Each structure stands twice: as C-alpha cells, then as structure tokens.
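A structural walkthrough
If you want the building blocks of each chain, they are given just below.
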Amino acid sequence: MQRPIYLALDFPTGEEALHFLNQQELAEVPVKVGMELYYREGPSIVHQLKENNHPIFLDLKLHDIPNTVKSAMRNLAGLDVDIVNVHALGGAKMMEAAKEGLLQGAKKSIPKLIAVTMLTSMNEETVRTDLKQPMELAAYALHLAELSKTAGADGVVCSPHEAASIKAACGADFLTVTPGIRLAGSNQNDQHRIATPAGARRMQADYLVIGRSVTEASDPKQAYEQVIEEWNNYDNNN
C-alpha cells in the first residue's frame, strides 16, 4: 500500500466519483469505496479505479453468518483490492470464515482483513442505551480488537481515540484504520469520536480515512494536500 490516507468516495454514482478525482487532479491517491457507491456501480467501479492505479479500501462491513461471509469474501478477494472489512460484532467464527474466503479467492495478493470495532458515529450513550453494553465504549472497542486479532484479522477500524490502547494490547503490526478525520474548522457532521490528521497520527493511527473535509471543501485538492502535510509534519517532528 502507498500513502496512508484513504479518500472516501462517498458519491452517488461512479461517474461523479471519477469526475471528482480527475477534476481535482488526485491521480493514484488511495480511495475508500463504501456501500453507497459499490451498491450502485458494483465491481465495475473497482475495476475503473484500479485501471487508474488507485489503492482501494473496499468498505462493505460484512456482517452475516460465517458461511455467507466466507462466500462473499471469496468473491471480493478476486477484485484484488488492498483492504476489505467486516463487523467485529459478527464474532470470531465469522471473522475466521472471512479470512478463509479471502485466502481461497485471492488471485494475486491477499487483501488485508480489517474488523470494524465501534462506529465513530457512536458514543457512550449509544453503547449504554441502544446496545445495553455495560462496558465503556473504549473498553468494548479494545475487547473487539483483541477478538479480531485472535480470529486472524490484520487490524481494525477504530476511532483515533482507541488506537493507542489497541496497539498496546495487540502489537505494533496490528493495523489501526481510523475514520472520523476532520481538518481544523471542518464540520463534525454525524461523527462523534473525531481527530485531526496530526492528532490521529499522535494517537498511533496507521491509516486515515477522510471524506467530507476534503470532498466538500472549497478547494478539495488543497484540503487533501493539507491532510498529507499534517501527517508528514508530525512524523518529521517526532
């Protein structure tokens, strides 16, 4: 994988997503393809992005019985993307099945399997009232990360605020992929556990996922370059 910053292509159509990348001269940047875009365009959008040399995080968050997830991952592995994910809440057997499917279906390299811990739109109240979970959010995210590692995942999707504790428990090579990244002054939108690029790096994030702070900026290319600059400056100064 190349740069550690994935741009979320949360556009209604593939045409709009590809036009945005071309118009903003964001050639070959890593991108995240989520449910909105993939369910509209299917594998064709992945093929088009790969033809343009974009590393791809396919963010479909699979969550089903183990056999179904295994079969789905076997198919997705053939797309030769860089990262795929499941919900850790699906349990260890489901995550193990996902890994088996990737191993069986990969034609070239095996995509990294990342498990979603707690969505960044969730907060303590959501965990307590909706999920009826007695553990605090950070502790529960850590539990799910440890479960994911035991099941063979390569890392987790977590908020930047949980990244350091997950690294400490699961090891330096266990990847932390962090959405909820916002440039200073950007709208928080529906996210709760957020951080700036430099803040996420300080909190031991390996990869960032950033969307609206760039795609809705008045100058998206400049905003994306600012993300890279903040990330690089932190590394250079530490």
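Residues numbered from 1 in each chain as written. Predicted model: local features only at pLDDT ≥ 70, side-chain atom pairs only at ≥ 80, totals over all residues. Heavy atoms only, no water.

**Structural notes on the pattern of salt bridges**
Applying the stated criterion across every chain, the model contains 8 salt bridges. Here D10 makes a salt bridge to K32, at a shortest N to O gap of 3.9 Å. Here D10, found in the loop between β1 (5-8) and α1 (14-23), pairs with K32, found in strand β2 (residues 31-34); they are 22 residues apart in sequence, far enough to count as distant. What makes D10 partly exposed here is its relative accessible area of 44%. The exposure class assigned to K32 is buried, which follows from its relative accessible area of 9%. Note that D59 and K32 form a salt bridge whose closest N and O atoms lie 2.9 Å from each other. Of the two residues, D59 is situated in strand β3 (residues 56-62) and K32 in strand β2; the sequence distance between them amounts to 27 residues. Using a relative accessible area of 6% as the deciding quantity, one classes D59 as buried. (Salt bridge = Lys/Arg side-chain N within 4 Å of Asp/Glu carboxyl O. Helix = DSSP H or I, 4+ residues; strand = E, 2+ residues; numbered from the N terminus. Buried < 20%, exposed > 50% of the residue type's maximum accessible area, 1.4 Å probe, protein only.)

**Points about the side chain of Q24**
By the element assignment, Q24 lies in the loop between α1 and β2. Those residues within four positions of Q24 in sequence are excluded, and the remaining contacts are D219, P220 and K221. (Contact = heavy atoms within 4.5 Å.)

**A look at the pairing of β3**
When you tally the buried positions in β3, you get 6 out of 7 residues, the bulk of the element. When β3 meets strand β4 (residues 83-87), the two strands line up parallel, connected through 3 bridges. The residue bridging L58 from the neighbouring strand is V84, located in β4. At this point the chain moves from β3, through helix α4 (residues 66-77), to the parallel β4, and the crossover so formed is right-handed. (Pairing = 2+ DSSP bridges. Right-handed = clockwise from strand over helix to strand, strands pointing away.)

**Some details on the packing of α1 against helix α3 (residues 43-51)**
The N-to-C vectors of α1 and α3 enclose an angle of 15 degrees; their axes lie 11 Å apart at closest approach. The orientation of α1 with respect to α3, classified from their angle, is roughly parallel. The handedness of the crossing between α1 and α3 is right-handed. Contact residues: α1 offers G14, L18 and L21, while α3 offers I45, Q48 and L49. Here the residues of the contact of α1 with α3 are counted per class, giving 4 nonpolar, 2 polar and no charged. (Axes fitted to C-alpha atoms, helices over the stretch in contact; angles between N-to-C directions. Parallel < 35°, antiparallel > 145°, perpendicular 65-115°, else oblique. Left-handed = near helix turned anticlockwise from the far one by under 90°. Nonpolar A, V, L, I, M, F, W, Y, C, P; charged D, E, K, R; others polar.)

**A short note on the environment of M95**
With respect to the secondary-structure elements, M95 resides in helix α5 (residues 92-105). The exposure class of M95 is buried, given its relative accessible area of 0%. Residues M95 and P66, spaced 29 residues apart in sequence, show a C-alpha to C-alpha distance of 7.4 Å. Filtering out sequence-adjacent residues up to four positions away, M95 remains in contact with V86, A88, L113, A115, L147, S148 and A151.

**Notes on α4**
Across its 12 residues, α4 extends 16 Å between first and last C-alpha, which sits within 8% of the 16 Å expected from 1.5 Å per residue. Along α4, the positions that sit buried rather than exposed are V69, K70, M73, L76 and A77. Taken around the axis of α4, the buried residues stretch over an arc of 130 degrees, which confines them to a single face. Turned more than 90 degrees away from the buried face of α4 sit N67 and N75, all of them exposed. (Expected span 1.5 Å × (residues − 1). Arc of directions from axis to C-beta.)

**As for the sheet that holds strand β6 (residues 155-157)**
Remark on secondary structure: sheet strands pair via backbone hydrogen bonds, oriented parallel or antiparallel. Spatially, β1-β2-β3-β4-β5-β6-β7-β8 is the arrangement adopted by the 8 strands of the closed barrel, whose pairing is parallel. In this sheet, adjacent strand axes meet at a mean angle of 25 degrees when their direction is disregarded. In the sheet, β2 pairs with β3 via 4 bridges, with the strands oriented parallel. Within β3, the residue paired with V33 across the bridge is L58. Contacting β2 and β3, α3 runs over the sheet at an angle of about 160 degrees to β3. Sheet contacts for α4: β3, β4 and β5 (112-116); angle to β3, the most-contacted strand, approximately 165 degrees.

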